[in-house]
Structures are given as C-alpha cells and as structure tokens.
Amino acid sequence: CSQYACASGESMTGLTGGLAIFFTACFSSLGFYIPAPWEYRALPMNTPDPFSRILYANLALKFRLVQSLQSFFRNAGKKKAVVGVSGGVDSAVVCALAVQALGKQNVFAYHFPFWKNPVDGRHARAVAGQFGVKMNVVPIAAIVEEMMAASGSPASEIVSRGHFMARARMALLY
C-alpha cells in the first residue's frame, strides 16, 4: 500500500465518538446545510435549542476529524486513501470523512462480502454513490475458508471465522 494510506471503520470507531459524528454524516447526506470550515467560529453555541447545540457540537467535531485526517495524510506524504466499506455506519462515516479531507477523486472504496447478503452490498454501493467514490467488490469467502482450513479451525467455529474475515479484509486493504 505504498501509494495509499488505508483506513477502515473498525480502526476509527473510537475516534468518531460513536453517534456524535453519525448525526453530522446523516445531516450532510440528506442535504442539510453544513457550514464551511471558516463559518464554524460564527456558530451560536449558546442557543437555547438543545438539538441545535448537538448539531453545532457535531459540526465542530467533524471539522476537527477532517483536519486530523488531512494532517495525518500530509505527514505520511500520502494523498489517496483506500477505505473498506461494509455497508454499516462506521465505514460510512470513515468514507465521508476521507472524502471531506482528501476529495472524492482520492478515495477508493472496497467491499469485501463473506455472506451473500444483498442488503450490505446495497448499503455499501449507496455509500460509495453518495460520496462519489469508486468501489470494487471482492468476495472473501474462499480466502476465509482456506485460512480456516490451513489453521485447522473447524468450519463451524464462528468466532474463528469472524477473526479470519477481519484479517482477510485488512490484508486486502493493505
């Protein structure tokens, strides 16, 4: 991964602050007005409306996260990102932040399905489409089954399978 820096929702979960950033991602994807970075200082933080206070706090958090990502990529000497998109909230947030930080032309999404679950695939395609990034789909069932067989884990061992699924996805991203 010498040309790209890699990111996944799982590795960013602690950084996003749970639902805090989820609200901002939802508001922007639904077309609500999101102020430009230079407007953040002018936001009225003393508003009596609790919903507005939450929104403004989330906007500030989003701004800090985008700045942190830009700084990380600048310090690493990288301009492009590879993002694993599962179809869930965490990876959607990471994709949104990466696009904000680097521009959609510099973010590449990968979806690595194990199960044949059409809902996850639809959600992953929707995320890629919403943020205007190219997405490749690479099924990992055969890779995971080979890893399990090589390790001697029984095919019925669901915990081992989950671990191997995560390792296969990260290996492919890198």
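Residues numbered from 1 in each chain as written. Predicted model: local features only at pLDDT ≥ 70, side-chain atom pairs only at ≥ 80, totals over all residues. Heavy atoms only, no water.

Colleague: What am I meant to see in the pairing of strand β2 (residues 81-84) here?
Modeller: Two faces belong to every sheet, and in a regular strand the side chains alternate between them. Going residue by residue along β2, you find Ala81 and Val83 tucked away on one face and Val82 and Gly84 tucked away on the opposite face as well. With four bridges joining them, β2 and strand β3 (residues 107-111) adopt parallel strand pairing. Its bridge partner being in β3, Val83 is matched across the sheet by Ala109. Taken together, β2, helix α4 (residues 89-102) and β3 form a β-α-β motif whose crossover is right-handed. (Buried < 20%, exposed > 50% of the residue type's maximum accessible area, 1.4 Å probe, protein only. Helix = DSSP H or I, 4+ residues; strand = E, 2+ residues; numbered from the N terminus. Pairing = 2+ DSSP bridges. Right-handed = clockwise from strand over helix to strand, strands pointing away.)

Colleague: Can you walk me through the nonpolar core in this structure?
Modeller: The nonpolar side chains of soluble globular proteins are, as a tendency, buried together. Judged by nonpolar contacts, the single largest core of 26 residues is most densely connected at Val83, Val107 and Val133. The dominant element in this core, judged by the number of residues it contributes, is α4, at 10 residues. Residues Val82, Ile140, Val144 and Met148 belong to the second largest nonpolar core, which totals 10 residues. (Core = buried A, V, L, I, M, F, W, Y, C linked by side-chain atoms within 4.5 Å.)

Colleague: I would appreciate a short explanation of the packing of aromatic side chains in the present structure.
Modeller: The tally for this structure, following the rule as stated, stands at three aromatic pairs. With centroids separated by 5.5 Å and ring planes inclined at 85°, the aromatic side chains of Phe72 and Phe73 adopt a geometry described as edge-to-face. Each ring, one from Phe114 and one from Trp115, has its centre 4.7 Å from the other, and the planes form 90°; the classification is edge-to-face. The buried category is assigned to Phe114, whose relative accessible area is 10%. (Phe/Tyr/Trp six-rings, centres within 6.5 Å; stacked < 30°, edge-to-face > 60°.)

Colleague: Explain helix α5 (residues 118-131) to me, please; I cannot follow it from the model alone.
Modeller: Along an α-helix, residues three or four positions apart point the same way, because every turn accommodates 3.6 residues. Here α5 is 14 residues long and its end C-alpha atoms lie 20 Å apart, about the 20 Å a rise of 1.5 Å per residue gives. Among all positions of α5, only Gly121, Ala124, Val127, Ala128 and Phe131 are buried. An end-on view of α5 places all buried positions within 125° of arc, on one side of the element. Exposed side chains of α5 directed beyond 90 degrees from the buried face belong to Pro118 and Gly129. (Expected span 1.5 Å × (residues − 1). Arc of directions from axis to C-beta.)

Colleague: Can you walk me through the pattern of salt bridges in this structure?
Modeller: Side chains that differ in sign of charge can pair as their charged atoms come close. Under the definition given, this model contains one salt bridge. Note that Arg161 is salt-bridged to Glu145, the shortest N-O span being 3.8 Å. With Arg161 in helix α7 (residues 158-173) and Glu145 in helix α6 (residues 141-151), this residue pair connects regions lying 16 residues apart in the sequence. Owing to a relative accessible area of 12%, Arg161 belongs among the buried residues under this scheme. (Salt bridge = Lys/Arg side-chain N within 4 Å of Asp/Glu carboxyl O.)

Colleague: How do you make sense of α4 when you look at a structure like this?
Modeller: The first and last C-alpha atoms of α4 sit 20 Å apart over 14 residues, in line with the 20 Å expected at 1.5 Å per residue. When you tally the buried positions in α4, you get 11 out of 14 residues, the bulk of the element. Restricting attention to buried positions, one finds in α4 the residues Ser91, Ala92, Val93, Val94, Cys95, Ala96, Leu97, Ala98, Val99, Ala101 and Leu102. One or two steps after α4, the chain reaches Gly103, where phi turns positive at roughly 90°.

Colleague: Help me understand the environment of Lys104, please; the structure alone is not making it clear to me.
Modeller: Its place among the elements puts Lys104 in the loop between α4 and β3. Separated by 30 residues in the primary sequence, Lys104 and Lys134 have C-alpha atoms spaced 8.5 Å apart. Setting aside residues up to four positions removed in sequence, Lys104 forms contacts with Val99, Phe131, Gly132 and Val133. (Contact = heavy atoms within 4.5 Å.)

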